[in-house]
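Single-letter residue listing:
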2 protein chains.
Amino acid sequence: MTDRHEQWLAAERLALTLTEGGMQRMAARTLAVFLFTDQESVTAGEIIDRLEASAGSVSSAIKSLLSVGLIERLPAPGSRREHYQLRDNAWATLFTSQNAVIQAMLQAAAAGIATTASGDPAHRRLTEMHDFYEFLLGEIPTLLDRWRQQSG
Amino acid sequence: MTDRHEQWLAAERLALTLTEGGMQRMAARTLAVFLFTDQESVTAGEIIDRLEASAGSVSSAIKSLLSVGLIERLPAPGSRREHYQLRDNAWATLFTSQNAVIQAMLQAAAAGIATTASGDPAHRRLTEMHDFYEFLLGEIPTLLDRWRQQSG
DNA sequence: CGGAGCCTTCAGTAATTTCTGAACGTACGG
DNA sequence: CCGTACGTTCAGAAATTACTGAAGGCTCCG
């Protein structure tokens, strides 16, 4: 427990997993720092040290994590440095961002349906696709409600 | 309707969307052919023509779509060419493949928890993460049951 | 059994993505 | 105010990923 090396390994593996799930590599590694730090908040400089990465890449990783709402900038505690921390509900947010993909699939299917005649096999396939994603999109809010209820 | 150019555009846009969702580019374009073709099944050669891509890249795209269960090889209809088609339930399959990602996140969280003491903020964060993905993983089967029921 | 057509594999190349480093902007502290 | 410490942006370099084309294998047909 609290073995530094083990922890570093676990963090990097988690980052790898996030990357496979579609997140950019540096953003994933940065997110892992926010998860694994033993402090309540973190500065860009600390991330740079911990990841041994350039200031530039860390800066853009922070920017992208901020933009999707996974971390937040803390009201500056008098310091010159900006402090950031993982937001509550970050995981639900990450999951919700899949909604955008589903929405896009739905629209793509609709566009395809509009180009096919109703007897065409393509019309049937695209309609099936459309129905599925429409169903999914409808279920997600309910799902997250259940989560909020269960977790308090 | 059935405007060839419109259809091509819709197919390529759908492929783009799939790519953004994490699918490899050529696999996505190939899947789009399976969706939009007006035939019941398709051969590798037809995909090559339609996408104006090399035999090699189409071959590997087909291989990967087969491996995730989105398309199937048809019992050879006497022809020398292999015929493939979109599988029933392809979309549910595609969605389910997200399970693997969720499972991996769960394990990554568990590994992290094991490296932290219970007073450590990291311990709390990792536990929250773990709980969320555990919840998700449990919900997905139910979700798909509802889909099967609704769609018949 | 030999030829032809189709598909697969793989090494090399092309394209894209990601990272770095330097120059610039900003704000705090003295 | 000036000097210093951070943070950001952006052009170029490095690394990764994806595609092509050629060689090889398999199967069907004559």
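Worth saying up front: this structure is predicted, and the values here are computed from it rather than measured.

## A look at the overall build of chain A
Okay, step 1: Across its full length, chain A carries 7 helices and 3 strands.
Okay, step 2: Starting at the N terminus and walking to the C terminus, you meet the elements of chain A as α-α-β-α-α-β-β-α-α-α.
Okay, step 3: Its C-alpha atoms give chain A a radius of gyration of 20 Å, more than 25% over the compact-globule value 15 Å for 152 residues.
Okay, step 4: When burial is assessed residue by residue, chain A has 45% of its 152 residues classed as buried.
Okay, step 5: When contacts within chain A are restricted to residue pairs at least 6 apart in sequence, those whose partners lie at least 24 apart make up 47%.
Okay, step 6: Roughly 7900 Å² of accessible area belongs to chain A as shown, and the carbon and sulfur atoms make up 51% of that amount.
Okay, step 7: For chain A, the separation between the mean place of its 14 positive charges and that of its 18 negative charges on side chains is 5 Å.

## Digging into the protein's contact with DNA strand D
Okay, step 1: Neighbouring DNA strand D are 18 residues; Ser59(A), Arg80(A), Arg81(A), Ser54(B) and Ser57(B) lie closest to it.
Okay, step 2: With respect to DNA strand D, the side chain of Arg81(A) contributes an N or O atom lying 3.1 Å from a phosphate oxygen.
Okay, step 3: Within the side chain of Ser57(B), an N or O atom sits 2.9 Å from a phosphate oxygen of DNA strand D.
Okay, step 4: Of all elements in the fold, only α3 (44–51) and α4 (55–67) of chain A together with α2 (25–36) and α4 (55–67) of chain B reach the threshold of two or more residues within the surface near DNA strand D.
Okay, step 5: Broken down by element, the surface near DNA strand D gets its largest block of residues, 4 residues, from α4(A).
Okay, step 6: For the surface near DNA strand D, the class distribution of residues is 4 nonpolar, 7 polar and 7 charged.

## Some details on the packing of aromatic side chains
Okay, step 1: The full count for this structure, using the stated rule, is 10 aromatic pairs over all chains.
Okay, step 2: Counting every residue linked through ring pairs, the aromatic cluster contains Trp91(A), Phe95(A), Trp147(A), Phe132(B), Tyr133(B) and Phe135(B).

## Structural notes on the pairing of strand β3 (residues 83–86) of chain B
All names here are of chain B.
Okay, step 1: The sheet contact formed by strand β1 (residues 42–43) and β3 spans 2 bridges and is antiparallel. Along β3, the bridge assignment pairs valine 42 with tyrosine 84.
Okay, step 2: Summarising the sheet, strand β2 (residues 71–73) and β3 pair through 3 bridges and their orientation is antiparallel. Residue isoleucine 71 lies in a different strand from β3, and its bridge partner there is leucine 86.

## Re α4(B)
Residues and elements named next belong to chain B.
Okay, step 1: End to end, α4 covers 18 Å across 13 residues, agreeing with the expected 18 Å (1.5 Å per residue, within 8%).
Okay, step 2: Those residues of α4 lying buried are Val58, Ala61, Ile62 and Leu65. Each buried residue of α4 sits inside an arc of 100° when the element is viewed along its axis, so together they form one side. Turned more than 90 degrees from where α4 packs its buried face, Lys63 and Ser67 sit exposed.
Okay, step 3: Elements that come into contact with the buried residues of α4 comprise α2, α3 (44–51), β2 and β3.
Okay, step 4: One or two residues past the end of α4 sits glycine 69, with phi positive at roughly 80°.

## Concerning helix α7 (residues 121–151) of chain B
Along an α-helix, residues three or four apart share an orientation, since each turn contains 3.6 residues.
Residues and elements named next belong to chain B.
Okay, step 1: Helix length check: α7, at 31 residues, gives a terminal C-alpha distance of 45 Å against a target of 45 Å (1.5 Å per residue), a fit within 8%.
Okay, step 2: Along α7, the helix axis deviates most sharply at glutamate 139, where the bend reaches about 25°; the proline proline 141 sits within four residues downstream.
Okay, step 3: Looking at where α7 begins, the residue whose side-chain oxygen comes 2.8 Å from the main-chain nitrogen of alanine 122 is aspartate 120.

## A closer look at the interface of chain B and chain A
Okay, step 1: Contact residues are listed per partner, giving 52 residues for chain B and 52 residues for chain A.
Okay, step 2: Between chain B and chain A, a total of about 4400 Å² is buried, with carbon and sulfur atoms accounting for 70% of that surface.
Okay, step 3: With its nearest N and O atoms 2.8 Å apart, the salt bridge here joins Glu139(B) to Arg146(A).
Okay, step 4: There are 14 residue pairs in polar contact (both at pLDDT 80 or more) connecting chain B and chain A.
Okay, step 5: Those elements that place two or more of their residues in the side of chain B that touches chain A are α1 (4–20), α2, α5 (90–96), α6 (98–114) and α7 of chain B.
Okay, step 6: Top element by residues in the side of chain B that touches chain A is α7(B). It accounts for 17 residues.
Okay, step 7: The residue inventory of the side of chain B that touches chain A, partitioned by class, reads 31 nonpolar, 11 polar and 10 charged.

Cut-offs applied
Residues numbered from 1 in each chain as written. Chains lettered and ligands numbered in written order. Predicted model: local features only at pLDDT ≥ 70, side-chain atom pairs only at ≥ 80, totals over all residues. Heavy atoms only, no water. Helix = DSSP H or I, 4+ residues; strand = E, 2+ residues; numbered from the N terminus. Rg over C-alpha atoms; globule rule 2.2 N^0.38 Å. Buried < 20%, exposed > 50% of the residue type's maximum accessible area, 1.4 Å probe, protein only. Contact = heavy atoms within 4.5 Å. Areas by Shrake-Rupley, 256 points an atom, 1.4 Å probe, with all protein chains shown as cover. Lys, Arg positive; Asp, Glu negative; His and termini not counted. Charge placed at Lys NZ, Arg CZ, Asp CG, Glu CD. Near = heavy atom within 4 Å. Polar contact = N/O pair within 3.5 Å; in protein donor to acceptor, adjacent residues only side chain to side chain. Nonpolar A, V, L, I, M, F, W, Y, C, P; charged D, E, K, R; others polar. Phe/Tyr/Trp six-rings, centres within 6.5 Å; stacked < 30°, edge-to-face > 60°. Pairing = 2+ DSSP bridges. Expected span 1.5 Å × (residues − 1). Arc of directions from axis to C-beta. Bend = angle between axes of the 7 residues up to and from the residue. Buried area = accessible area lost by both parts, 1.4 Å probe. Salt bridge = Lys/Arg side-chain N within 4 Å of Asp/Glu carboxyl O.

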